[in-house]
Amino acid sequence: MALRCEQMKAVPILVLLLIFGHTESGAVPTANSQRAAVLYPFGPGVGDAATPHEDDGMSPKIPLSEKFSFYGQSYTDLYVNNNGVVSFGTGVPEFTPHPFPLPGRRPFVAPYWADVDTRLGGDVFYRESRSEELLRGVARDIAPIVAPHPPTDGAPIPTWAFVATWDRVPFFGAASKKTNTFQAVLATDGVASFIILNYGDIQWTTGIANQGDPHSGLGGVPAQAGFNSGDDVHYYNIPGSRTPAVLHINRTSNIGVPGRWVFRVDEFTVTEGPPLSPTVPTPDPTTKRVSTEPTRPDDNGTEEREYICE
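Here we look at the confidence of the model for the chain
Inference 1: When the pLDDT values of the chain are averaged, the result is 81; 73% of them are 70 or greater.
Inference 2: In the predicted structure, residues 1-28 sits below a pLDDT of 50 and forms 53 contacts with residues beyond four places in sequence or in another chain.

Below, the structure is given as structure tokens:
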């Protein structure tokens, strides 16, 4: 079955090697927009490693020097997945996004879960850091969600961070130069844990295996964004996920900063049911073939405040 998938992918690759070529990434935010200002520095110049240039690829298991608490569970390692996911316990090669919560214990953070193919260009960078400069920036950026209700001994000040950046990544089967740049940051002071999702230029939502258009990168089953703790209780779907509106995620926020979403995840703060959506095409995850199944709404959960930032 895997061989059949590779045969199906071969034709788009031949076309796109002519379109994209190979480029090297810089060491600082490189998205061609002022929205790149929300991104923390990334790239080899700040000590980042990179995942292999593969379709549906991922990093090796990355051991962490600090435990990260995610809704009652502490994790000491993770994976950075090319398809827009940071996962705990196991990699996530799935290219078709699904709304949260997911069945089974699958804890992960999804800044932009979609069908990325870095064989065609772009890079997926990652590093853990105790840089004072980075941590000062993180502390400043989480302040809007901790300042209103600080603990009695003061607001948490992170002492560790993990930064994963998807820099100018194209979609599977693309026949254009459209790319996306986005970032996920995990941070903790050893007790309180936070997730920051940052969005630079977002130009596509869907690969062709999810019935996206090869030129526009739109249509089909669009990207999912948010997080899933794996316990079926603590999860969040960023509004617009798996709809065409996710293309404009870099104009939305829950803290009033365009392109930035911030969450505290060591304790229960927000949940939201999967977004209501009509029947959508659902690819077979083993063959990248498409079938059609209705999605089912979930009545549980409450909605996080959202700002539309024009």
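Structure shown, so let's carry the discussion forward.
A few points about the pattern of salt bridges
Inference 1: Throughout the structure, instances matching the rule amount to 10 salt bridges.
Inference 2: Here R260 makes a salt bridge to D141, at a shortest N to O gap of 3.3 Å. In this pair, R260 sits in strand β13 (residues 260-264) while D141 sits in helix α2 (residues 132-146), placing the two residues 119 residues apart along the sequence.
Inference 3: Its salt-bridge partner being R264, residue E267 comes within 3.8 Å of it at the nearest N-O pair.

With respect to the packing of aromatic side chains
Inference 1: Tallied over the entire structure, the rule returns 21 aromatic pairs.
Inference 2: With a centroid separation of 6.4 Å and an interplanar angle of 45°, the aromatic rings of F68 and W160 are classed as tilted. In this pair, F68 is assigned in strand β2 (residues 62-70) and W160 in strand β7 (residues 160-169), connecting sequence segments 92 residues apart. Each member of the pair, F68 as well as W160, is classed as buried.
Inference 3: An angle of 50° between the planes, with centres 5.4 Å apart, marks the rings of F171 and W204 as tilted. Taken together, the positions of F171 in the loop between β7 and β8 (180-188) and W204 in the loop between β9 (193-202) and β10 (224-228) put the pair 33 residues apart, joining distant regions of the chain.
Inference 4: Taken together, the ring pairs in this structure connect F68, F70, Y71, Y75, F88, W160, F227, Y236, W261 and F263 into an aromatic cluster.

A word on the sheet that holds strand β4 (residues 85-87)
Inference 1: The sheet built from six strands is open, its strands ordered β2-β3-β4-β5-β10-β11 with antiparallel pairing. For this open sheet the edge positions go to β2 and β11 (235-237), each flanked by a neighbour on one side alone. Averaged over all pairs of adjacent strands, the angle between strand axes in this sheet comes to 25°, irrespective of strand direction.
Inference 2: Two strands pair when backbone bridges link them, and strand β3 (residues 73-81) and β4 are joined in this way by three bridges, in the antiparallel orientation.

Brief notes about the pairing of strand β5 (residues 108-113)
Remark: a regular strand shows side chains that alternate across the two faces of the sheet.
Inference 1: With six of its six residues buried, β5 lies for the most part within the structure.
Inference 2: As defined by bridge partners, β4 adjoins β5 across two bridges and the pair is classed as antiparallel. Each residue of the ladder has a partner; that of S87, found in β5, is F108.
Inference 3: In this structure, β5 lies alongside β10, joined through four bridges in antiparallel fashion. Note that in β10 the partner of W113 across the bridge is Q224.

Brief notes about the nonpolar core
Inference 1: If you look at the biggest cluster of nonpolar residues, it comprises 42 residues, and the most contacted ones within it are F70, F162, L186 and Y199.
Inference 2: For this core, the element with the highest residue contribution is β7, accounting for five residues.
Inference 3: Of all hydrophobic cores here, the second largest spans 15 residues; its members include Y40, I142, A187 and I196.

Description of α2
Inference 1: In this model α2 runs 20 Å from its N-terminal to its C-terminal C-alpha over 15 residues, within 8% of the 21 Å that 1.5 Å per residue would give.
Inference 2: By the largest-angle criterion, R140 marks the main kink of α2, which is about 25°, and a proline, P144, follows within four residues.
Inference 3: Taken as a whole, α2 has its buried residues at L134, L135, G137, V138, D141, I142 and V146.

About the cut-offs
Residues numbered from 1 in each chain as written. Predicted model: local features only at pLDDT ≥ 70, side-chain atom pairs only at ≥ 80, totals over all residues. Heavy atoms only, no water. pLDDT = per-residue confidence, 0-100. Contact = heavy atoms within 4.5 Å. Salt bridge = Lys/Arg side-chain N within 4 Å of Asp/Glu carboxyl O. Helix = DSSP H or I, 4+ residues; strand = E, 2+ residues; numbered from the N terminus. Phe/Tyr/Trp six-rings, centres within 6.5 Å; stacked < 30°, edge-to-face > 60°. Buried < 20%, exposed > 50% of the residue type's maximum accessible area, 1.4 Å probe, protein only. Pairing = 2+ DSSP bridges. Axes fitted to C-alpha atoms, helices over the stretch in contact; angles between N-to-C directions. Core = buried A, V, L, I, M, F, W, Y, C linked by side-chain atoms within 4.5 Å. Expected span 1.5 Å × (residues − 1). Bend = angle between axes of the 7 residues up to and from the residue.

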